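Here is how the chains run, residue by residue.
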Amino acid sequence: MAAEITIGAARILLVQGDITGEKVQAIVNAANSGLMGGGGVDGAIHRAGGAKIKEECQAIVSRIGRLPAGRAVITGGGNLAAKYVIHTVGPVWRGGDRGEAETLASCYRESLKLANSGLIKSIAFPAISTGVYGYPPEEAAKIAVNTVIGFLSSGDTSIELVEFVLYDANSFNIYQRELKAEES
Ligand code: ADP
């Protein structure tokens, strides 16, 4: 079972379950531009993390305005086991010719850059944009895996562990196939 691969000094691990319980230093939230919480993984993270995360998000929005798709910001983790939450805004799928792939890759890259600049060693990603935002899951998984491998291969990084936390079995299987394809 290809549920784990090693890139340089770092590991990429697949996990099936709820990202809010992950014991990593940072979990990534598939947020929306207003950083106000919402449905899906965003709602779950704010529910589990408590009001402190939303307060920090509101402070960020009043400072920089709405967060454009492809960008990422960091807050504390509130009541979560994770010390930090990195909030990134995925693209809404509009057929694939509106730069969705580049925007989605940017979500992963910008989140990893933030983690790296904070010397974070472990980070967990959900399958950004594949819920309400409608990104086809296979294509999203390719971008997620390729972008993370590209980042980890590109030089010095504090990151030792990247988890992809997939909520359902179908997404887990898609990522497993993708990781296997990368291995061979
Ligand atoms: P988006 O708006 O970016 O599409 P969603 O939250 O609607 O974000 O969905 C993104 C992915 O997160 C989907 O694959 C969904 O099944 C998954 N998801 C939902 N809740 C959780 C959770 N608690 N932990 C991990 N993944 C989750």
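Overview of the structure. Here the structure is a predicted model, which is why all the values come from computation and not from measurement.

Basis of the calculations
- Residues numbered from 1 in each chain as written.
- Predicted model: local features only at pLDDT ≥ 70, side-chain atom pairs only at ≥ 80, totals over all residues.
- Heavy atoms only, no water.
- Helix = DSSP H or I, 4+ residues; strand = E, 2+ residues; numbered from the N terminus.
- Expected span 1.5 Å × (residues − 1).
- Buried < 20%, exposed > 50% of the residue type's maximum accessible area, 1.4 Å probe, protein only.
- Core = buried A, V, L, I, M, F, W, Y, C linked by side-chain atoms within 4.5 Å.
- Contact = heavy atoms within 4.5 Å.
- Pairing = 2+ DSSP bridges.
- Axes fitted to C-alpha atoms, helices over the stretch in contact; angles between N-to-C directions.

1. Quick notes on helix H4 (residues 137–153)
Turning to step 1, where the next piece is worked out: With 17 residues, H4 extends 24 Å from end C-alpha to end C-alpha; this agrees with the ideal 24 Å at 1.5 Å per step.
Turning to step 2, where the next piece is worked out: Of all the positions in H4, only Ala-140, Ala-141, Ile-143, Ala-144, Val-145, Thr-147, Val-148, Ile-149, Phe-151 and Leu-152 are classed as buried.
Turning to step 3, where the next piece is worked out: Two residues or fewer past H4, Gly-155 is found with a positive phi of approximately 135 degrees.

2. So, the nonpolar core
Turning to step 1, where the next piece is worked out: The biggest cluster of nonpolar side chains holds 39 residues, and the ones touching the most others in it are Ile-12, Tyr-108, Ile-123, Phe-125, Val-148, Phe-164 and Tyr-175.
Turning to step 2, where the next piece is worked out: With 9 residues, the single largest contributor to this core is H4.
Turning to step 3, where the next piece is worked out: Once residues within four sequence positions are removed from consideration, Tyr-108 is found in contact with Phe-125, Pro-126, Ala-127, Ile-128, Ala-144, Thr-147, Val-148, Phe-164 and Tyr-175.
Turning to step 4, where the next piece is worked out: Ranked by size, the runner-up nonpolar core spans 20 residues in total, among them Val-15, Ala-31, Ile-45 and Val-89.

3. A look at the sheet that holds strand E2 (residues 10–16)
Turning to step 1, where the next piece is worked out: Reading across from one edge, E1-E2-E7-E6-E3-E5-E4 is the order of the 7 strands in this open sheet, with mixed pairing throughout. Edge strands, defined here as strands with exactly one partner in the open sheet, are strand E1 (4–7) and strand E4 (72–76). When the angles between neighbouring strand axes are averaged without regard to direction, this sheet yields 25 degrees.
Turning to step 2, where the next piece is worked out: Pairing geometry for strand E3 (residues 26–31) and strand E6 (residues 122–125), over 2 bridges, is parallel. When the sheet's bridge partners are listed, Ala-26 is paired in E6 with Ile-123.
Turning to step 3, where the next piece is worked out: Sitting on the sheet, helix H2 (residues 51–64) touches E4 and strand E5 (84–89), and the angle it makes with E4 is about 140 degrees.
Turning to step 4, where the next piece is worked out: Taken strand by strand, H4 contacts E1, E2, E6 and strand E7 (161–166), and its axis lies near 170 degrees from that of E7.

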